[in-house]
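Descriptive analysis of the structure
For reference, the chains in residue letters:
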Protein chains: 2
Amino acid sequence: MTNDFKNIENWQGCPVRFGMGIFGDKWTLLVIRDLMFKGKSYYGQFQDSEEGISTNILADRLQKLERNGIIDKARDAENGARYIYRLTPKGLDMMPMMLAMIDWAERYDGQTEVPPAFIKELRRDPAGLAARLRAELEAGT
Amino acid sequence: MTNDFKNIENWQGCPVRFGMGIFGDKWTLLVIRDLMFKGKSYYGQFQDSEEGISTNILADRLQKLERNGIIDKARDAENGARYIYRLTPKGLDMMPMMLAMIDWAERYDGQTEVPPAFIKELRRDPAGLAARLRAELEAGT
DNA sequence: CCAACCACTTGCAAATAACAAGTAACCGCA
DNA sequence: TGCGGTTACTTGTTATTTGCAAGTGGTTGG
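Conventions we followed
Residues numbered from 1 in each chain as written. Chains lettered and ligands numbered in written order. Predicted model: local features only at pLDDT ≥ 70, side-chain atom pairs only at ≥ 80, totals over all residues. Heavy atoms only, no water. Near = heavy atom within 4 Å. Polar contact = N/O pair within 3.5 Å; in protein donor to acceptor, adjacent residues only side chain to side chain. Helix = DSSP H or I, 4+ residues; strand = E, 2+ residues; numbered from the N terminus. Nonpolar A, V, L, I, M, F, W, Y, C, P; charged D, E, K, R; others polar. Contact = heavy atoms within 4.5 Å. Buried area = accessible area lost by both parts, 1.4 Å probe. Salt bridge = Lys/Arg side-chain N within 4 Å of Asp/Glu carboxyl O. Axes fitted to C-alpha atoms, helices over the stretch in contact; angles between N-to-C directions. Parallel < 35°, antiparallel > 145°, perpendicular 65-115°, else oblique. Left-handed = near helix turned anticlockwise from the far one by under 90°. Domains from an automatic or database assignment. Least-squares fit on C-alpha atoms with pLDDT ≥ 70 in both. Phe/Tyr/Trp six-rings, centres within 6.5 Å; stacked < 30°, edge-to-face > 60°. Buried < 20%, exposed > 50% of the residue type's maximum accessible area, 1.4 Å probe, protein only. Lys NZ or Arg CZ within 6 Å of the ring centre and 35° of its normal.

**Section: the protein's contact with DNA strand D**
For DNA strand D, the set of nearby residues contains 23 residues, the closest of which are A:Gly44, A:Lys73, A:Tyr85, B:Asn56 and B:Arg61. Backbone atoms, meaning sugar and phosphate, form 67% of the atoms of DNA strand D found within 4 Å of the protein. Contact distances for DNA strand D include 2.9 Å between a base nitrogen and a side-chain N or O atom of B:Asn56. In the environment of DNA strand D, a phosphate oxygen lies 2.8 Å from a nitrogen or oxygen atom belonging to the side chain of B:Arg61. Only α3 (43-48), α4 (55-67) and β2 (83-87) of chain A together with α4 (55-67) of chain B provide two or more residues apiece to the surface near DNA strand D. Here the element with the most residues in the surface near DNA strand D is α4(B); it accounts for four residues. The residue inventory of the surface near DNA strand D, partitioned by class, reads nine nonpolar, eight polar and six charged.

**Description of the interface of chain B and chain A**
Listed per partner, the contact involves 43 residues of chain B and 43 residues of chain A. Summed over both sides, the interface between chain B and chain A buries roughly 4,000 Å², with carbon and sulfur atoms accounting for 73% of that surface. Counting every contact that joins chain B to chain A gives four salt bridges. The shortest N-O distance in the salt bridge between B:Arg17 and A:Glu51 comes to 2.8 Å.

**Examining the packing of helix α6 (residues 95-108) of chain A against helix α7 (residues 116-124) of chain A**
Residue and element names in this part refer to chain A. One way to put it is that α6 packs onto α7 with a least axis distance of 11 Å and a crossing angle of 120 degrees. Between α6 and α7, the crossing angle belongs to the class labelled oblique. Here α6 runs over α7; the crossing is left-handed. Contacts from Leu99, Ile102, Asp103, Glu106 and Arg107 in α6 reach Phe118, Ile119, Leu122 and Arg123 in α7. A class-by-class count of the residues in the contact of α6 with α7 yields five nonpolar, no polar and four charged.

**Regarding the domain arrangement of chain A**
Put simply, an interface is often sized by how much accessible area is lost when its parts join up. Residues and elements named next belong to chain A. Along its sequence, chain A is carved into domain 1 (7-88) and domain 2 (94-141). Taking the mean C-alpha position of each, domain 1 and domain 2 sit 19 Å from one another. Listed as interface residues are ten residues of domain 1 and, on the opposing side, ten residues of domain 2. Looking at the side of domain 1 facing domain 2, the largest losses of area belong to Leu29, Met36 and Phe37, adding up to 59% of the total buried there. There are zero salt bridges connecting domain 1 and domain 2. Applying the counting criterion to the domain 1 and domain 2 interface returns zero residue pairs in polar contact (both at pLDDT 80 or more). Broken down by secondary-structure element, the contributors of at least two residues to the side of domain 1 that touches domain 2 are α2 (28-37) and β2.

**Focus: the relation of the copies chain B and chain A**
With an RMSD of 0.0 Å, the fit of chain B onto chain A corresponds to turning through 180 degrees and sliding 0.0 Å along the axis. Here the transformation between the copies is reduced to the relation of a two-fold axis. Among all C-alpha atoms of chain B, that of B:Asp25 lies closest to the rotation axis, at 2.1 Å. Most of the interface of chain B is mirrored in chain A, where 100% of its interface residues again form contacts.

**Details of the packing of aromatic side chains**
Applying the stated criterion across every chain yields a total of ten aromatic pairs over all chains. Pairing A:Trp27 with B:Trp11 gives two aromatic rings, centres 5.6 Å apart and planes at 65 degrees, and the pair type is edge-to-face. With one member in each of two chains, A:Trp27 in the loop between α1 (15-23) and α2 and B:Trp11 in the segment before α1 (15-23) form a pair that bridges those chains. We classify A:Trp27 as buried; its relative accessible area is 14%. Taken together, A:Phe18, A:Phe23, B:Trp104 and B:Tyr108 form an aromatic cluster joined through their ring pairs. Directly above the aromatic system of A:Tyr83 lies the positively charged group of A:Lys73, at a separation of 4.5 Å from the ring centroid.

Below, the structure written as structure tokens:
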């Protein structure tokens, strides 16, 4: 056989399938959201997010993200008892996709919490917003 | 209690959470891919996609997409034994997000199958490509 | 009105996720 | 140097979801 799509590690080729192999579940993009837009970096902070991810699932997703090169993990310089998680360049490159998702969701979620100023800037200059947010994340390293 | 995030129907507010409530699984965006980029419109065509979605999951996802207003379902004019599935405007508005995903995946999937001409056009004029693809889909109605 | 097609539905087994409790590394302080 | 608190998990069990195979019912063409 040529393709074994039963194993998700083999979901390459088609770009949408490739994406689903990496973040095709309920939780992964919520962790990326926390890293990208909420200024979160620690295990405990991800756990504190209001959706209530369970700890074994969080550990599993962080490991998969690290294995896929989306995030990296290092001991925190300020407090050696914890690890700091950060987006890699590959992870940061998901910014335009995340912003496009936000743009879409803001249009259709009647209960959206996206700040009007954010959505205004997003629609006026998406690339500029992406660049600014990315620069801020890279500065905070 | 104010939020019941145990029920996925209540995943509004945050735009990423809103998205995950609708397409936060392995299969949903693959169906949308088939509708958006592969010219597929029928149940059997979705089933024939090489990832091999099982029939009960496909039925469930189509129903959820319809309920969420992403697709609509109608008897096929040419063959009344089957139904035709089409993207609604809300579904078509996911185009920029899907294109951003394709852009990202093409960069990082060493085995990508995205045609070079497509990715070139996508990076030169993403909004233009989105508009063109959307017009083609709406024409084929 | 029957055979074939098409779109599902159902039942059961396997995999994944949710929940609760426990373990281990490290830090600050006595 | 050891002890209590913090942080990040791991483990075991139960609940939910998915995958697989077989079956059902509407529609068409003959």
